[in-house]
Amino acid sequence: MKENRHGAHTVFEIHLHIVWVTKYRRAVLTPEIGLRLRDLIRDICRAEQVTVMKGHVSKDHVHIMVSIPPQLAISNLVQKLKGKSAYKLLGEFPKLRKQYWGGHLWARGYFCRSSGNVTDEIIKQYIANQTHDADEDFRVEGEDSPYGETPSS
């Protein structure tokens, strides 16, 4: 069973699947570069209090599944992952510097999707069951019922 993570005033479980690709989708992530990239990703995530749950470095793209704290914006995490890793890898591997002489290792953008064991439908059902009128899309507790009666607490 998964355990929730805890902050000073929060309990959370935010899991994300993030994917980004090399510029021009070039297959430049050799095993040596991939191992160094894996270490960099782990270091960056550790510094941001992000837990890497699973990861895979392919020749031309990276997949990671992470658990992030609620105060960290996804875009900031990806910016740090791509920016710091590109800077370090281009500095350490002359072969990469030749192919990416402009200093940009990663293509623009990324893919991100949240994940979890609770589906959107279950969340909608949970929210709908908080009041007696399950057919409403967005109810306020204590609001007058469409039937002319106020729900009791």
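Because the structure is predicted, anything quoted here is derived from the model rather than measured.

**Looking at the sheet that holds strand β3 (residues 15–21)**
Part 1 of the argument: Ordered in space as β4-β5-β3-β6, the 4 strands form an open sheet in which the pairing is antiparallel. In the strand order of this sheet, the two ends are held by β4 (51–57) and β6 (111–115), each with one partner. Sheet twist, expressed as the mean angle between neighbouring strand axes with direction ignored, is 15 degrees.
Part 2 of the argument: Bridge count between β3 and β6: 5 bridges; the pairing is antiparallel. The partner of His-17 across the bridge, within β6, is Arg-113.
Part 3 of the argument: The sheet contacts of helix α2 (residues 74–92) involve β3, β5 (61–67) and β6, and relative to β3 the element is tilted by about 40 degrees.

**With respect to the nonpolar core**
Part 1 of the argument: Counting 28 residues, the largest nonpolar core has Leu-89, Leu-96, Leu-105 and Trp-106 as the members making the most contacts within it.
Part 2 of the argument: Excluding residues that lie within four positions of it along the chain, Leu-105 makes contacts with Thr-22, Lys-23, Val-28, Ala-86, Leu-89, Leu-90, Leu-96 and Tyr-100.

**Examining the packing of aromatic side chains**
Part 1 of the argument: Counted under the stated rule, the structure contains 1 aromatic pair.
Part 2 of the argument: Between Trp-20 and Trp-106, the aromatic rings sit 5.8 Å apart at their centres with planes inclined by 85 degrees, giving edge-to-face as the arrangement. Taken as a pair, Trp-20 in strand β3 and Trp-106 in the loop between α3 (94–99) and β6 lie far apart in primary sequence, 86 residues in all.
Part 3 of the argument: On the basis of relative accessible area, Trp-20 is assigned to the buried category, the value being 1%.
Part 4 of the argument: The lysine or arginine in question, Arg-26, covers the ring of Tyr-100, its NZ or CZ lying 5.5 Å from the ring centre.

**Observations regarding the side chain of His-61**
Part 1 of the argument: Within the secondary structure layout, His-61 lies in strand β5.
Part 2 of the argument: Among the polar contacts made by the side chain of His-61, one reaches the side chain of His-63 at a distance of 3.3 Å.

**Concerning helix α1 (residues 31–47)**
Since the α-helix turns once every 3.6 residues, residues separated by three or four places project in the same direction.
Part 1 of the argument: The terminal C-alpha atoms of α1, which comprises 17 residues, lie 24 Å apart, in line with the 24 Å expected from a rise of 1.5 Å per residue.
Part 2 of the argument: Its buried side turned inward, α1 meets β3, β4, β5, α2 and α3.
Part 3 of the argument: In the stretch just after α1, Gln-49 is the one whose phi turns positive, near 60 degrees.

**Some points on unusual backbone geometry**
Part 1 of the argument: Phi at Tyr-24 takes a positive value of approximately 60 degrees, unusual for a residue other than glycine.
Part 2 of the argument: Secondary-structure assignment places Tyr-24 in the loop between β3 and α1.
Part 3 of the argument: At Gln-49, a position not held by glycine, the phi torsion is positive, near 60 degrees.
Part 4 of the argument: Mapped onto the fold, Gln-49 is located in the loop between α1 and β4.

**Structural notes on the confidence of the model for the protein**
Regions with low pLDDT should not have their predicted coordinates read in detail.
Part 1 of the argument: Confidence in the prediction for the protein averages 83 pLDDT; 80% of positions are at 70 or higher.
Part 2 of the argument: The least confident element of the protein is helix α4 (residues 120–128), whose mean pLDDT is 71; the most confident is α2, at 97.

**Quick notes on the pairing of β4**
In summary, the side chains of a regular strand alternate between the two faces of the sheet.
Part 1 of the argument: Two elements, β4 and β5, share 6 bridges in a ladder whose sense is antiparallel. Note that in β5 the partner of Gly-55 across the bridge is Ile-64.
Part 2 of the argument: Turn length for the β4-β5 hairpin, with the two strands adjacent in sequence and antiparallel, is 3 residues.

**Observations concerning the pattern of salt bridges**
Opposite charge on two side chains makes pairing possible when the charged atoms of those side chains draw close.
Part 1 of the argument: In the structure shown here, the tally under the stated rule is 4 salt bridges.
Part 2 of the argument: Across the pair Asp-43 and Arg-46 runs a salt bridge, and its minimum N-O distance is 3.0 Å. In this pair, Asp-43 and Arg-46 both sit in helix α1, 3 residues apart, roughly one turn of the helix.
Part 3 of the argument: When its relative accessible area of 40% is taken as the criterion, Asp-43 is described as partly exposed.

Procedures and definitions
- Residues numbered from 1 in each chain as written.
- Predicted model: local features only at pLDDT ≥ 70, side-chain atom pairs only at ≥ 80, totals over all residues.
- Heavy atoms only, no water.
- Pairing = 2+ DSSP bridges.
- Helix = DSSP H or I, 4+ residues; strand = E, 2+ residues; numbered from the N terminus.
- Axes fitted to C-alpha atoms, helices over the stretch in contact; angles between N-to-C directions.
- Contact = heavy atoms within 4.5 Å.
- Core = buried A, V, L, I, M, F, W, Y, C linked by side-chain atoms within 4.5 Å.
- Buried < 20%, exposed > 50% of the residue type's maximum accessible area, 1.4 Å probe, protein only.
- Phe/Tyr/Trp six-rings, centres within 6.5 Å; stacked < 30°, edge-to-face > 60°.
- Lys NZ or Arg CZ within 6 Å of the ring centre and 35° of its normal.
- Polar contact = N/O pair within 3.5 Å; in protein donor to acceptor, adjacent residues only side chain to side chain.
- Expected span 1.5 Å × (residues − 1).
- pLDDT = per-residue confidence, 0-100.
- Salt bridge = Lys/Arg side-chain N within 4 Å of Asp/Glu carboxyl O.

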